[in-house]
Amino acid sequence: MHIHKFEKIWLTFGIATLVMFLSVVGVSAFYMGNQPPSCNLTIDPEKVDTQEPFDKPGLTKVEGKEWDYQLVYVASAFSYNPMKVQVPLGAKVKVIATTKDVIHGFQVAGTNINMMLEPGYVSEFTTTFDKPGEYLVVCNEYCGTAHHLMQSTIEVTE
Ligand code: CUA
């Protein structure tokens, strides 16, 4: 069978990129332990308020973990609890969030924090706040009539 030269180049390129992308995903998942958010922990959305850690939303110092603080959020139409939080500059923070009703977003403007909050699931993201300032938390999943008003603030101070 004759395969045209350009066809061969194109096939080689296609297979090489496929192998490359699968390697990147493989190394990321199995070696570096990266996982998509919202796949590990489940929660009964009806009982969010009474379950740890969502019974105490906000910033809490933790001991003996790879992060210094946990920052817990409960989202519901159309607000976040807490509405405002102060985080010490340079703190390594694990953000833990869930929703009591519908799907909400959790995007912290100006950072790479961007999670989808799904009812029944716990979303987590660990990050270090190393620039002082006020960060706006916005909902980027359409959740109803007051979706555009749904926000919270993270204040990073020294
Ligand atoms: Cu919550 Cu949009």
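An account of the accompanying structure is given in this report. From a predicted model like this one, the values you see are computed outputs, not experimental measurements. (Residues numbered from 1 in each chain as written. Predicted model: local features only at pLDDT ≥ 70, side-chain atom pairs only at ≥ 80, totals over all residues. Heavy atoms only, no water.)

A separate point is unusual backbone geometry. The omega angle of the peptide bond from E52 to P53 is -10 degrees, so this bond is cis rather than trans. Tracing the sequence through the fold places P53 in the loop between β1 (41-42) and β2 (58-61). The amide bond that connects A77 to the next residue, F78, takes the cis arrangement and shows omega of 5 degrees. Summarising the element assignment, F78 is placed in the loop between β3 (69-76) and β4 (79-81). (Helix = DSSP H or I, 4+ residues; strand = E, 2+ residues; numbered from the N terminus.)

Before going further, it helps to examine the packing of aromatic side chains. Here the structure, examined in full by the defined rule, presents five aromatic pairs. Pairwise contacts between aromatic rings join Y73, Y80 and F106 into one cluster. (Phe/Tyr/Trp six-rings, centres within 6.5 Å; stacked < 30°, edge-to-face > 60°.)

For the rest of this paragraph, the subject is the side chain of S152. Following the sequence through the fold, S152 ends up in strand β11 (residues 151-157). Under the relative-accessibility criterion, S152 is labelled buried at 1%. From its side chain, S152 meets the backbone oxygen of P82 in a polar contact 3.0 Å long. (Buried < 20%, exposed > 50% of the residue type's maximum accessible area, 1.4 Å probe, protein only. Polar contact = N/O pair within 3.5 Å; in protein donor to acceptor, adjacent residues only side chain to side chain.)

Within the fold, Q70 resides in strand β3. Non-local contacts of Q70, meaning those with residues more than four positions away in its chain, are made with P53, G58, L59, T60, V62, K94 and I96. (Contact = heavy atoms within 4.5 Å.)

Turning our eyes to something else, we now look at the nonpolar core. Within the largest apolar cluster, 24 residues are counted, with the highest numbers of intra-cluster contacts made by Y73, Y80, V87, V93, F106 and I154. Listed by contribution, the elements that provide at least two residues to this core are β3, β5 (84-88), β6 (92-99), β7 (104-108), β8 (114-117), β10 (133-138) and β11. In terms of residue count, the dominant contributor to this core is β3 (four residues). Leave out the neighbours within four places in its chain, and V87 touches L59, L71, V93, F129, I154, E155, V156 and T157. (Core = buried A, V, L, I, M, F, W, Y, C linked by side-chain atoms within 4.5 Å.)

Quick look at the sheet that holds β7 now. Pairing in this open sheet of five strands is mixed, and the strands run β5-β11-β10-β7-β8 from one edge to the other. Single-partner strands in this sheet number two, and they are β5 and β8. Ignoring which end each strand starts from, the neighbouring axes of this sheet average 20 degrees apart. In terms of strand pairing, β5 meets β11 through five bridges, oriented parallel. By the bridge assignment for β11, Q86 is matched with E155. (Pairing = 2+ DSSP bridges. Axes fitted to C-alpha atoms, helices over the stretch in contact; angles between N-to-C directions.)

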